[in-house]
Each structure stands twice: as structure tokens, then as C-alpha cells.
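# Commentary on secondary and tertiary structure
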Amino acid sequence: MKLPLMSSLLLFSTALEGVAAPAALAGPADFVHPIPAEKNLSPAWIAALSAPGEAEVWRGSELDYIGMPVGGLCAGLVYLGGDGQLWLWDIFNDARREGIDGKTAPYEGKDIIPRDGSAYVGPRTQSSPLQQGFALSWETSDGETHTRTLNRAGGWADLSFTGSYPLGRVSYRDPAVPVTVDLVAYSPFIPLNVDDSSLPATVLRYTLSNPGATPVTVTLSGWLENVIGAQTCPPAEIRRSNQVKGATLLATADKARPDWTPPTHFRRLRDIGTMALTFLDADTIASAEAPAPALVTTTAGQPLGGVRTEKTIPAGGALTVTAVIAWHFPNAAPATFPGYGVREYATRFADAAAVVNYVAENFARLDAETMRWSRTWNDSTLPRWALDRSFLNTSILATTTAYRFEGGRFWGWEGIGACEGTCTHVWGYGQAMGRLFPELERDLRTRTDFGSAFIEKTGVIHFRGDHGFGLAIDGQAMVILRTWREHTMTTDDAFLRPLWPKVKRAMERLIAQDRGDGLLEGSQHNTLDSDWHGQNAWLCGLYHAALRACEAMAADLGDPEFAERCRALRLKGERSMVEKLYNGEYFINLLDPKFPHSVNSGTGCHIDQVLGQSWAFQAGLGRVLPAAETRSALQSLWRYNFCPDAGPWRELNKPGRWYGLPGDAGLIMTTFPRPDWNYLKAAGNNPETMWAAKYYNEYMTGFEWQVAGHMIHEGMVTEGLAIARAIHDRYAPSKRNPYNEIECSDHYARAMASYGVFTALCGYRYHGPSGLLAFAPKLSPDRFKAAFTSAEGWGSYAQQRSADGFTATLDLAYGKLTLKTLGVQTVDGFIPTKANGRIAGREITGTIERVDGETLIQWAQPVTLAAGESLVVTLHAGQP
């Protein structure tokens, strides 16, 4: 498919010098201005953006920064390094975070949580508070034993990494070693199954292959240092010990002296718990004292235990040995989480050995379903780089950004250790959790946003949940939008109906700041950490999207009066947006003259100016802002804000954190193309609030992702993909950890907006209660395939279309799917009149309705697919 192009596109060559780009680029760029208006993308670069491509393989220095999260959701953070080494081990509930008690803690010479871009400028390399690893040993014909550690220190001639979250793959090759080793590391990851996806465990599956002509006997060994209590207990007061439970090594700790009184009850100390290591193999031998390689050194008094298994691999044969590492530290920092209780996983498992036993007993299913999801996701016609990048931020849920407490209660930082309370105007950008694990989002709506954070009298939702902080306009609007989205990811109104009175009250609180023209006024706190005053397109557009969501919810629940009220306000606001806030190119902010020192974007071109429409598309709500003006605003963002090189821009615009270095491309938050506004005015002409204007100069991926997805929805596919690719290139492993998109701190939750680029490329729309599932692919629609999720199941959707016909196939891989209506888009000129379906060997016939160019195929009775079943639908033109 030929991609739509704007007349001015970006020439990247100078901007991306030294950066791995999809293809060779044209000649050098001439930066007359920091952000050139003429972009001139080379045809080769454009073609590579949408080409299917292959999984990226990284070697050498590209392995230095890799840290893929491979623990369970909300269970701590364990990284898989590019060489297969597990590292970081942020599983001990470390409360010493900047922003909590004003302190930071040393972590192998670095602060635990780098803040404000420091991890972007100086990315972390491998470090660990404990010794853990694996090694391969074999005996040569002369009786000499050789050992290679399964990491970079092992001296492998060819060591490579391929990542496609949740799976990390490492390959070990060396002509001096008689076998090859291939590692697949992950924690069970099964969309819609939160419990089995949030295990405090990592699986490492080693496949050993013998390419030779004679059998080879090898020993695979693993070791684990016991550092339990090292952060809270003085060395003299802790007694660590290793126990052997069958084939499992269990690391434990206890008080060395009964009369020692720690600051809190010993068993409630945050780093008191257990760890376990085993091979899921009948020949495994566990030992309290590990036969670790000589290069492993431990701290005195910290025991090193291990496991090993011996295998004979036949000539030309292969076998697999699977290791499991588990941890169990129930006590998250009580000062940060008052009343939240212990970690959820501790309510299911008594200790780490119990976690290992659960994984062992259920391994066949956990492994099969994880691999099935990976295959389903990657078996797609979409570009492989875009599949990887749009999905990998889901791993944020498997870091210490995200927590789950007893009873299943969800809680999150904005990014690790940064700004508490599952902040509504940060988490509100994300699309991944709502589509992959909607149970977690429903918990937030029910227990927090419309529970402990909700003020019944005023309708205010505290934007930091139990931590308070009052009303944020953007956060409040996005909670309403997310409530609608979560409703669509169910099969009935059981989630929404009990919440509806509070949802209406929250909407009324926003309406209270509408002075009658459909636009908001008054104090408007927002994600840029300041109170804006006046009328601005960004927050007004979100208000309109929230009105549209309430209109839809009211319709589903039989509340026509409120639906009509919301509709009328929205339509009035749409007209006012154009009349008052559109300058002929893009939407602006009208500053309230009563608040001349208010932070604002003035006549600047702001990244979120049409965020409301972006969100409406993600939620399947259609258009809430006028089409022509919205597209013009997006074109202006491309023209004025898409920067091929952060260097010249930041040379002229000093304030701001460094989320883009010289040579890095990206979308600047706010630029000022017109001479009537500048950064001082944007700071309210107040030097004391210049800190707020620093945000305008930055790249921040969560904002960029929502714009990229919106552009794709609006048909600006090349521009949207270019923004996404710029992010991908900024986080190339040669520069920094590709699995850690940074804003304020590590693994920032807003970056989960990246999943919205995937749903935009698919043209995905779903409404579970009515049984509607629809697709309008934006790339290769004539031959398209991609994954999808629904309320109760997931699988893949494929379509083939031409001027003569249309065929769609739904393959359900997990759960079940109940379908009443399938929406598709045929080739222009092909007008279907008949729909035939086939499911489980039986024929079904549907009726056809055409609405705004979309073909809706409807069945008289709902069609239910079970896992392993397919629905094939064929459309025919001609007489019905």
C-alpha cells in the first residue's frame, strides 16, 4: 500500500547520524531553523517504516544497556540483560526513594531511581545486589572439565539478544564448546489472566543442541546468593540459611539473636522473605552450598546455594532444561502504602518455594499460553519494529512502577519511585492495561477513582487517589473516558451501572466550569503541574470527549436525558472551539486576563491540543472535534514540533530535562511559531514559574505516542510511524535500555500510550456488551493480520480484500468471544450485499448494514467462539 505523504516531510540524515535507521537516508539536512518546515523524507526511509521486517538481533556493545523486565506484573523488577544475566533485582521493597523521605540509596554506586532525565543521559549498566547465574560444564576426552558461565563473562565467541516482550532470547555460540545454547526467558504472561501473569518468578528455558557426531554429556548449574535482610538488618543480627526442599533451593533468614528488636516486627521488615531456585527436571540436585564457578564471589556471611542437572545430548540432538527463580517479599513500604496491606502474591503463596511449586505444577499450561500469546502477537502483517516498540511498554507493569496488594488492589507510581497515587493525568494516557488486563483498570475505577479518591459532595476525583491533591481537569476527564473503555471491555453493564451515579457527578463537576459556550474556564490544574486559566483547546477537547463518553454510557444504561444534555454541550463546544480557539492552522490557549501570571501555552503549538479526539478514537467514540481543523492541527504539529535533531533546538531553548540528545529526533512538547508568544509569556511573565515552561522544550514519549496514534487514525500514517520510529531510535540499545522509556523517572506509566499506536494501525473498535468487534486497518488492508483482545478472549484477525470480494477470519486463541456484529471496511466500489459465515463446521448467514462507509455484518443470534475455533466470513456483491 502506498502511504499518504504530506508535501513537507523530514530529512533525517544529519539528525540521526550514527543512529540505526530503518534504511539509508538522503543527503545532509540544512538546518536554517531549528525545526525545518520542509521534511523531504527519502523514499527508502518511507518504505522501511511500513515494511514487515525481521526481529532485531543485538550483539557486542549493543548488549550493555539491555534490561528487559522478566518478572511478573506488580511483583517487583528483575531485568534480563543482553547476555542472559539477570540483574537489578528490585524485589526487596526498597522504600528509599527520592520524593518519599528525601533520600536516595546507593545501588552499586548509583542511585536506585535516577530522576529528571539522568538515566537518559547516563543509562544504567548491569549491576546487582546479589550473585546469581548459570553455567555450562562439560568434560573433554582427556578428562579435563571446562566451564562457561552463561553471560558475557563466559567468553562466548558469538553472543546475541533478541527481544519481543514478554520473551527475551539469548543465543550462545562458540566453536570451542561442543553444544550450542539458546535461552528463552520470561515470566508467565497471559492477557486477561492477571493472577497467572503476576507471579513473582522468572522462567529461564535453556535449549542445548549437539551439532556433533557423538553424544555429549553436560552439566547445567545455577546458583543464588542469599542476601535476605541485607538492607534492613545489621550484619550481626541476621542469620541467613539455605534449605533444600526436594529439588528446590530455598533461601531464608531469621534473627541471629532473639533479644534483637528491629524498627518493626522482624517478619514485617520489607526485605525479609524468601527466594528459591530450581530446575524443572527429574535429575535436578539442589545444594545448600553451590558448586559455583570460581569467579563468583559473595559477601561474607551470605550463603551461596545452587542446583545442577546432568544431561547427555545425543549426536545431532537437542534437549531443554528449564530453570525457575522465585521470590517472596510481602511487605511493601508501609509509609508509602498506608492501609494497603501486603503484596497480593503473598496472599496466594506462603513462600518462594510455593511459587516454584505452582509454576512447576502448572508449567505446561503457563508456558503454552505465554508462547501462544507471543505467536499471536508476532504473526502479523504489521512492521516488526512497530509491533515490538508499541508493545514493550506493557513491561512497565512488571516493574516497581506498579503494585498489587491483598484483595487485588492496584496502585502505581508515575514512574519508579516518582510521584505517588496512580496519578490520573499520567496513567490516563495509557492504553495497554485497559486492553490486556482490564481487571486492573476496573479495580482502579471501582476501588480508587470512584472509591477512596472520590468526593461525593463535589464530584472531584483526587488525581493522586488516596494521597489526595484535589482536581486535575485532564485526569478527571480521562477517568470518565477510561470508565467507558472499561465498560466496553466487559460483556454487560454489571461494572458500569453501580458506578454511574458517581460518573455523572464527576461529569457535572467538569460541566460546572463550562460558562455556557461549551468551553471550560477557571482554574485548570493539569499534568504539566500547574494551574492554567482561560480557555484552551487541550483541556476543552478532553472535556468534549468526556461528554461524548457520558453520552454513550447514558445510552447504554437507559438515561436519555443525561445523554442528550451531554450531546448538546458537546456540539456547542465543538462550534466554540473553532470560533474561539482555532487560529487557521491549529488550536490555541486564550489566557484569562484576570490571571496574567498563569502558566499557559498561549498561541503556541501544543502537543496535546487535540488529545480529546485522540482519546475518542481509542475508545471507539467517533469524532468529537471537527475533522478539518483537527487534521490541520496535527499537520501543524508535524510542521512546527517534529524536530529532526534536538541539538539545535536545545541550543536556542535551554530550559528542560534531557529526554533527547543532539542527534535525537522527536516531537517537541510546545513550540511558538508566531512572534506574539514566547517562553516567558508561557510562564506567565513570571521568572518564578519558568520551571513550568521547561516542559515545553522536551521530548516525552507518552505524549508523542498519543499523537502518533491519532495521526494514524486520521490517515497520516507515515507521519505517525515516523514519530514512533524516532522514539524507537532514541531508545536503540547502542544508546540506552530499549525497555525503559523515561519521563521524570524510569519506566514511566504514560509510555503505555504506545499500545494505542497498535490499535490505531488495526483500526480496532470493540463494545463487549453489544457484541461489536470492528477493524479498519491503516496498513496493508488488502492483506492484513494482527492480534486483538476482547472482554473474555483474544486471538487474531485477518482479512483479504479486493475489488471482487472480501474475506475475514477470526481465530480465537484463548478464552471465548461472543459476537453479534463484525465491522469491516471493503475496497471502495465493492458494495457487499450478502454475508456468509462458517464456524465449527456450520454455516451461518448474516445481514449487512452500511454506515459511513463501514460494512456491519450482523447475526440474528450471538455467535460464540471458543479457544481453537475460527469464524470465516465471506462477503459477496450482487443481488442479496
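Here the structure is a predicted model, which is why all the values come from computation and not from measurement. (Residues numbered from 1 in each chain as written. Predicted model: local features only at pLDDT ≥ 70, side-chain atom pairs only at ≥ 80, totals over all residues. Heavy atoms only, no water.)

Glancing now at the packing of aromatic side chains. Applying the stated criterion across every chain, the model contains 41 aromatic pairs. Centre to centre, the rings of W58 and F161 are 6.0 Å apart; their planes meet at 5 degrees, and the pair counts as stacked. Taken together, the residues span a long stretch of sequence, with W58 in strand 1 (residues 58-59) and F161 in strand 9 (residues 158-164) at a distance of 103 residues. Among the residues examined, W58 registers a relative accessible area of 8% and is labelled buried. We classify F161 as buried; its relative accessible area is 0%. (Phe/Tyr/Trp six-rings, centres within 6.5 Å; stacked < 30°, edge-to-face > 60°. Helix = DSSP H or I, 4+ residues; strand = E, 2+ residues; numbered from the N terminus. Buried < 20%, exposed > 50% of the residue type's maximum accessible area, 1.4 Å probe, protein only.)

Look at helix 15 (residues 627-641): 20 Å from first C-alpha to last across 15 residues, which is about the 21 Å you get at 1.5 Å a residue. Those residues of helix 15 lying buried are E629, T630, S632, A633, L634, S636, L637, W638 and N641. (Expected span 1.5 Å × (residues − 1).)

Turning next to the side chain of N93. Looking at where N93 falls in the secondary structure, it is placed in the loop between strand 4 (86-90) and strand 5 (106-107). Within the local environment of N93, its side chain forms a polar contact with the backbone oxygen of F329, the two atoms lying 3.0 Å apart. In terms of polar contacts, N93 uses its side chain to reach the side chain of R343, at 2.8 Å. Leaving out residues up to four positions away in the same chain, N93 has contacts with R270, F329, P330, N331, A332 and R343. (Polar contact = N/O pair within 3.5 Å; in protein donor to acceptor, adjacent residues only side chain to side chain. Contact = heavy atoms within 4.5 Å.)

Okay, the nonpolar core next. Within the largest apolar cluster, 263 residues are counted, with the highest numbers of intra-cluster contacts made by W89, M275, I480, M507 and L810. Ranked by the residues each element gives to this core, the list is headed by helix 12 (residues 537-557), at 15 residues. In this structure, L810 is in contact with L773, F775, F788, S796, Y797, L817, L819, L822, L865, E869, S870 and L871, ignoring residues within four places of it in sequence. A332, Y340, Y403 and W413 belong to the second-largest nonpolar core, a separate cluster that totals seven residues. (Core = buried A, V, L, I, M, F, W, Y, C linked by side-chain atoms within 4.5 Å.)

Here we come to the layout of surface pockets. Estimates place the volume of the largest pocket at around 1,100 Å³. Along its surface, the largest pocket is lined by 36 residues, and F617, G622, R765, Q825 and E854 are the ones closest to its centre. Of all the elements in the fold, those that place two or more residues in the lining of the largest pocket are helix 10 (473-488), helix 12 and strand 30 (765-767). Counting residues per element, the lining of the largest pocket draws most heavily on helix 12, at four residues. In the lining of the largest pocket, the residues fall into 16 nonpolar, eleven polar and nine charged. (1 Å grid on protein atoms, 1.4 Å probe; cavity = no way out; pocket = protein on both sides within 12 Å on 5 of 7 lines; lining within 4 Å. Points joined across faces, edges and corners; volume = space filled by probe spheres on them. Nonpolar A, V, L, I, M, F, W, Y, C, P; charged D, E, K, R; others polar.)

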